[in-house]
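Chain by chain, the residues run as shown.
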Amino acid sequence: MLIQTPCPWAGERRRESDHMENICGYLMKYTNLVTGWQYRFFVLNNDAGLLEYFVNEQSRHLKPRGTLQLAGAVISPSDEDSHTFTVNAASGEQYKLRATDAKERQHWVSRLQICTQHHTEAIGKNNPPLKSRSFSLASQGSINSPGLQRRPSQNAVSFFNVGHHRLPAGKRGPILQPDHLVDVREMMSQAEGQQRDLIRSIECLPVSGHLTSLDQDLLMLKATSMATMNCLNDCFHILQLQHASQQKGSLPAGTTISWLEPKISLSNHFKNGAAQNFPAEINKPASVREEQSNAEPCQLTREPEEINPDEELEDLCDDKEDDLGGVEEQRSVILHLLSQLKLGMDLTRVVLPTFILEKRSLLEMYADFMSHPDLFIAITNGATPEERMIRFVEYYLTSFHEGRKGAIAKKPYNPIIGETFHCSWRMPKSEVATDGGSNISAHSEQIALSKDLEGQAESDYYTVKFVAEQVSHHPPVSGFYAECVERKMCVNAHVWTKSKFLGMSIGVTMVGEGLLSLLEHEEEYTFSLPCAYARSILTVPWVELGGKVNINCAKTGYSASINFHTKPFYGGKLHRVTGEVKQNATNTVVCRVQGEWNSVLEFTYSNGETKYVDLTKLSVTRKRVRPIEKQGPFESRRLWQHVTESLRDGDIDKATEHKRALEERQRNEERLRAETETPWCTKYFIKEGDGWVYHKPLWRAVSAVQTQQMDAN
């Protein structure tokens, strides 16, 4: 219920905006996991810039149960559903609220955002920037000093960044120039005016018709534009408070005015990945010095290494990423980061806070997509081209669930160039589905061929080997390859991850292509990967997949079209996926699939049969990995071991320090290669056209063995 009539204390006064109105009504408020959602009576007090709530309407004459200052707050519609939104105060306190429907949520969000903007601007007006005559500076601190001349390229964002680096004691901080804030305020005023015009134009649209004021894209545009301006205003307010604090003190002649300590602690700046001046080399942990000194010449580290699967042990590591503590505690850091981003901005070169990292590399995440090797091997056992395509689609759709470690959206480590990851899986042959009518002679021939390839006797299990390598840094491109020699099948893929800031979400486009080769059938299947989105990054981030992917087999004429559906703004299910497999020549659909990619999938075949796959109950085969002490210096787990250990211990500062040491080493090596004009040498993958191919793919080995057998005969 929403009461739009003015509350008693509002009187009949009108603000400069018709939208400045006191509203009150019932909303559901999320308290905690035990209590859950509870109805509370909320009052938006525009005069005071407060959001207050009471147990019920009858108790609103009593002291409020809770109060939030809206100046500097961020109001964010949630991606979870069309009813929920959050109010993030500048103090770090948060209300998670739910309206009765989408229309009521939008009304609350709009009025809260307008009130927030009004009071944030009012604070700025009450704390105007200091005039240059208010400063008493020595000649070396004069405004005409060459070191103080304003750079032509300096803008609001680059100026904000100045305040987020604390210089060591003894070093002179940057001298504060009062005209900087004047220029920033002018730019922000122009942006605020344009943003108000945008909202006014959207709200003037009709509520029905082709383009309405409730259009989901326009509603998202309103929310993200307001959130962006609020973040910028919050940062600007902090700078003005620093000015005011300096003005209150007595400044002797010749004083250099430097930044006050920011609201966010120094340790939080380490977590935000900001550039810092570290102590002398002697004070660094030994592990950090080791990371920085491990840089080896390209020629010494680029020789391919044959990994013996017998040296690999079953992986007992189980790093589930369900811990929300770090995300909730570091909300101020996230807000600070968001204030520096622009819609559509490429995040490839943006250093993200360490506390949002998963405890694994992106290369290992690609390996975890192979956690159902029984389904992978079973593809080639299909009796017909139709069955093999359907089996591939089944394997493809079941791979994403295990690739995610928990429901929380955390980010794997960005692999450094030259980083590699190796693992394997052993799958008992009795647990792999067959076609039930395989050709005995063909199977015997295949066993003989696998013996020639492996040089060993037949075992009672299949082995799937996996290798991944970061082949490029800018752009970030990974290559990965997996093979099962016994079944004469392999998959080769390269992926360029392009991430962009989308307001309240981060989108990652997986640019590239994969190729599955079934050598027994002389079939090749090309496939692509869906986009990934981290939603609700201001509250509890979660992941969803989106976009259309295609799987094609040119030889057989079968193809599959799969749609990963993102959740609509109003209603709808999460993680929904639909798809169909068809024979291109006749345009006949032979299988349809629907469900959720992280829950239950339903396959309906042309003969009317239906098959359900519950991904939560699907058995997962643990990968086998060499112990860290046997791994090379550029293998993922050894390379990132100190970061991972620090994250497990909850020591974010230490994890950030180790992470930065690796990144600094990578930058130094890249600079050295540029100076000496030395090209980067990959280890396992070779560039062919626009893609990357494993240097010893199974199809070449099989072709060579078959040629030798023919020559021998």
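On a predicted model such as this, the values are computed, not experimentally measured, just so you know. (Residues numbered from 1 in each chain as written. Predicted model: local features only at pLDDT ≥ 70, side-chain atom pairs only at ≥ 80, totals over all residues. Heavy atoms only, no water.)

Chemist: Hey, could you go over the packing of aromatic side chains for me, with residue numbers and the actual values?
Modeler: Under the definition given, this model contains 20 aromatic pairs. Ring centres of Tyr413 and Trp640 lie 4.5 Å apart, and the angle between their planes is 20 degrees; on these two criteria the pair is classed as stacked. Here Tyr413, found in strand β11 (residues 411–413), pairs with Trp640, found in the loop between α14 (636–639) and α15 (641–648); they are 227 residues apart in sequence, far enough to count as distant. Ring centres of Trp425 and Phe466 lie 6.3 Å apart, and the angle between their planes is 80 degrees; this geometry places the pair in the edge-to-face category. With Trp425 in strand β12 (residues 420–428) and Phe466 in strand β13 (residues 461–472), this residue pair connects regions lying 41 residues apart in the sequence. Since its relative accessible area comes to 3%, Phe466 is described here as buried. These aromatic residues form a ring-pair network of at least three members: Tyr366, Phe369, Phe392, Tyr396, Phe400, Trp425, Phe466, Phe480, Tyr525, Phe527 and Phe564. Over the ring of Tyr30 we find Lys96; its NZ or CZ atom is 5.6 Å from the centre of that ring. (Phe/Tyr/Trp six-rings, centres within 6.5 Å; stacked < 30°, edge-to-face > 60°. Helix = DSSP H or I, 4+ residues; strand = E, 2+ residues; numbered from the N terminus. Buried < 20%, exposed > 50% of the residue type's maximum accessible area, 1.4 Å probe, protein only. Lys NZ or Arg CZ within 6 Å of the ring centre and 35° of its normal.)

Chemist: Give me the side chain of Ser110: which residues, what numbers.
Modeler: For Ser110, the position within the fold is in helix α1 (residues 102–126). Here Ser110 is in contact with Glu203 and Lys222, once residues within four sequence places are set aside. (Contact = heavy atoms within 4.5 Å.)

Chemist: Give me the pairing of strand β4 (residues 50–54): which residues, what numbers.
Modeler: Within β4, 5 of the 5 residues are buried, which leaves it mostly tucked inside the rest of the structure. Side chains of β4 alternate between two faces, with Leu50, Glu52 and Phe54 and Leu51 and Tyr53 buried alike. Pairing of strand β3 (residues 37–45) with β4, which is carried by 5 bridges, proceeds in the antiparallel orientation. The residue of β4 that forms the bridge with Val43 is Glu52. Between β3 and β4, which follow one another and run antiparallel, lie 4 residues, and Gly49 among them has a positive phi close to 70 degrees. (Pairing = 2+ DSSP bridges.)

Chemist: Summarise the pattern of salt bridges; cite the residues concerned and give the values.
Modeler: Applying the stated criterion across every chain, the model contains 22 salt bridges. Arg391 is the salt-bridge partner of Glu387, the closest N and O atoms lying 2.8 Å from each other. Of this pair, Glu387 and Arg391 both sit in helix α12 (residues 385–403), 4 residues apart, roughly one helical turn. In this structure Arg391 comes out as buried when scored by relative accessible area, which is 14%. Between Glu544 and Arg535 there is a salt bridge, with the nearest N and O atoms lying 2.7 Å from each other. Of the two residues examined, Glu544 and Arg535, each falls in the buried class. The structure contains a network of salt bridges with shared partners spanning Asp315, Glu358, Arg360, Glu364, Asp368, Lys623 and Arg637. (Salt bridge = Lys/Arg side-chain N within 4 Å of Asp/Glu carboxyl O.)

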